[in-house]
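Here is how the chains run, residue by residue.
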Amino acid sequence: MPLKFSLNQAMYGVVLLLAFATPLSTAAASIAVGLGVLFIVVHRLRTKTWPRFDSNILEVLAVYMACQILIAMTSWEPSTSFREVLGELHRMFPLVFAMTFIKRRAQLCGVLIVSLIAMLINDAAGLYQYFAAGEPRAFGFNHTPTFYGSFMLMQIPLMIFIAQLKFLPPLWRGLSVLGAGLSLICLVLSMTRGAWLAFVVVALIFVVLEKNYRLLAAKICAGLAIVFVIVALLSPKIQDRLSTMVSTKFQSNTERVLMWESATEIFHDYPIFGVGQKMFFTAYNEHYISDEARERPGEIGRGHTHPHNNILHRASEGGAVGLSAFVGLYAYFFWKFYTQFRREKNIAFGAGMTALLILAGLQLEGLTDTNMNQVPIMREFWLLAGTLLAAEKIISGTRGKGQGTS
């Protein structure tokens, strides 16, 4: 007797695995994505049909990937660039998985709870590293404190979203409030200046957009600002990080400016298709590095792989085509999340607002750090984006109607 295979059940398991693994283990998340692709292929072979994907989003992603293929074809090293194109496509699968296969309220609850648990573990790791292990900057399960800051920018809005979902048990809502506070502390302990500034702007965006609770939101943000100032006055480490934000004597700042200038020169010389994906390393370190740069390949090991700016990274590696594709893709999702927020305007912190703030945080941090080419960060973003897009239909009752919470 052949084994029964339910694609929906199998893919829900994949999304749960992604929700837990993405903040904690790149390898486990890769296995989850591979299983998801395998399950869909098996379903296609057995039924001769594809799952019902969102055709509009697939078309947008297809146009974006077509631009990436054109860039790779003209790359300095096409084989290297095509591998990066496949990698970026691979990172987008969680978006499609989540928004397609989270269909019922119980499934949404499961994914949010598993995400919350993983994020709490990530918080605990950062707190242990800073307070117990004596690390100068918390980094959790991420490779660097900078990436950890990006994760905190995603975790905080999601935890606030979970906290106000009345259909979740009080235990999980309470833990999400605790988690939001811990993530905020971990954001500070990451000592990531770009993430700090991004959070401030994201908080201002929330206050401006949230008309029904603007005064309350403003009071909360003001309270957090006062707490941060008090902590900063008591912490020499935080004071040092704050003092270097605009200092022209701080090497990290001056090196960034030099890299931005070099990236602009690369874009000027290769204005249409750039030098190709993953080619900034070669272009910068071997051809365009400034004579004034102190951080040189022989001294820092392998050299800089990106210009610490998402826009300049795309412009230098992809030219006008790559930059237009990048701006167009995320402008589309900004619009999609904003219109979702408008439909949910009677909800204090709905799925659309949450997704909008997450994307805004990543893009704002990306003005001083290249973060949107990193595997774990983008997997987490696309997974949360798909989950929050599915959440609107579930919460409004247009998907999984009558399923309750069972």
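In the block above lies the structure referred to throughout.
Residues numbered from 1 in each chain as written. Predicted model: local features only at pLDDT ≥ 70, side-chain atom pairs only at ≥ 80, totals over all residues. Heavy atoms only, no water.

Novice: Explain the overall build of the protein to me, please; I cannot follow it from the model alone.
Specialist: Scanning the protein from N- to C-terminus turns up 16 helices and zero strands. Over its C-alpha atoms the protein spans a radius of gyration of 22 Å, differing by no more than 12% from the 22 Å that the globule rule assigns to 406 residues. Principal-axis analysis of the C-alpha atoms places the extent of the protein at approximately 65 × 55 × 40 Å. Counting across all 406 residues of the protein, residues that qualify as buried make up 50%. Taking all contacts inside the protein whose residues are at least 6 apart in sequence as the whole, residues at least 24 apart take part in 75%. Only carbon and sulfur atoms are counted for the fraction: they give 66% of the accessible area of the protein, which is about 18,600 Å². Of the charged side chains in the protein, 34 are positive and 24 negative; the average position of the first set lies 17 Å away from that of the second. (Helix = DSSP H or I, 4+ residues; strand = E, 2+ residues; numbered from the N terminus. Rg over C-alpha atoms; globule rule 2.2 N^0.38 Å. Buried < 20%, exposed > 50% of the residue type's maximum accessible area, 1.4 Å probe, protein only. Contact = heavy atoms within 4.5 Å. Areas by Shrake-Rupley, 256 points an atom, 1.4 Å probe, with all protein chains shown as cover. Lys, Arg positive; Asp, Glu negative; His and termini not counted. Charge placed at Lys NZ, Arg CZ, Asp CG, Glu CD.)

Novice: Any chance you could explain the nonpolar core here in plain terms?
Specialist: Side chains of nonpolar character tend, in soluble globular proteins, to be buried together. Leu95, Phe161, Tyr330, Phe333, Phe337, Phe381 and Trp382 are the most contacted members of the largest nonpolar core, which has 97 residues in total. Broken down by element, this core gets its largest block of residues, twelve residues, from helix H16 (residues 375-396). With 13 residues, the next largest nonpolar core counts Met259, Ala263, Tyr284 and Tyr288 among its residues. (Core = buried A, V, L, I, M, F, W, Y, C linked by side-chain atoms within 4.5 Å.)

Novice: Help me understand the packing of aromatic side chains, please; the structure alone is not making it clear to me.
Specialist: Describing an aromatic ring pair means giving the distance of the ring centres and the angle of the ring planes. Per the stated rule, a full pass over the model turns up 15 aromatic pairs. Ring geometry for Phe93 against Phe97: centres 5.9 Å apart, planes inclined by 5°, an arrangement best described as stacked. With Phe93 and Phe97 both in helix H4 (residues 78-101), this residue pair falls four residues apart, about one helical turn. Judged by relative accessible area, which is 1%, Phe97 ranks as buried. Taking 5.7 Å as the distance between ring centres and 70° as the angle between the ring planes, the aromatic pair formed by Trp196 and Phe228 counts as edge-to-face. With Trp196 in helix H8 (residues 193-209) and Phe228 in helix H9 (residues 214-234), the pair connects residues that are 32 residues apart, well separated along the chain. One aromatic cluster is present, formed by Phe326, Tyr330, Tyr332, Phe333, Trp335, Phe337, Phe381 and Trp382 through successive ring pairs. Note that Arg105 overlies the ring of Phe167, its terminal NZ or CZ placed 4.5 Å from the centroid. (Phe/Tyr/Trp six-rings, centres within 6.5 Å; stacked < 30°, edge-to-face > 60°. Lys NZ or Arg CZ within 6 Å of the ring centre and 35° of its normal.)

Novice: Honestly, the side chain of Ser75 in this entry has me stumped. Any pointers?
Specialist: By secondary structure assignment, the location of Ser75 is in the loop between helix H3 (55-73) and H4. At 2.6 Å, the side chain of Ser75 and the side chain of Ser81 are in polar contact. Contact partners of Ser75, with chain neighbours within four places excluded, come to Ser81, Val275, Gly276 and Met279. (Polar contact = N/O pair within 3.5 Å; in protein donor to acceptor, adjacent residues only side chain to side chain.)

Novice: I'm lost on the pattern of salt bridges in this one. Help?
Specialist: Should their charged atoms come close, side chains of opposite charge can pair. All chains considered together, the criterion is met by four salt bridges. Its salt-bridge partner being Glu88, residue Arg314 comes within 3.2 Å of it at the nearest N-O pair. On the criterion of sequence distance, the pair formed by Arg314 in helix H14 (residues 310-343) and Glu88 in helix H4 is long-range, its members being 226 residues apart. One salt bridge in this structure joins Asp369 and Arg256, with 2.5 Å as the shortest N-O distance. In this pair, Asp369 sits in the loop between helix H15 (351-365) and H16 while Arg256 sits in helix H11 (residues 251-269), placing the two residues 113 residues apart along the sequence. Each member of the pair, Asp369 together with Arg256, is buried. (Salt bridge = Lys/Arg side-chain N within 4 Å of Asp/Glu carboxyl O.)

Novice: Before we go on, may I ask you to explain a nonpolar patch on the surface in this structure?
Specialist: On the surface, Ile226, Val229, Ile230, Leu233 and Leu234 cluster together into a nonpolar patch covering about 550 Å² of accessible area. Along the polypeptide, Val229 turns up in helix H9. Judged by relative accessible area, Val229 falls into the partly exposed class, the value being 46%. (Patch = residues over 30% accessible without salt bridge, like charges linked within 9 Å, V, L, I, M, F, W, Y side chains within 5 Å.)

Novice: Honestly, the environment of Thr49 in this entry has me stumped. Any pointers?
Specialist: In this fold, Thr49 is placed in the loop between helix H2 (26-47) and H3. On the basis of relative accessible area, Thr49 is assigned to the partly exposed category, the value being 39%. Here Thr47 takes part through its side chain, which lies 2.9 Å from a polar atom of the side chain of Thr49.

As far as function goes, none of this settles anything; it's purely spatial.
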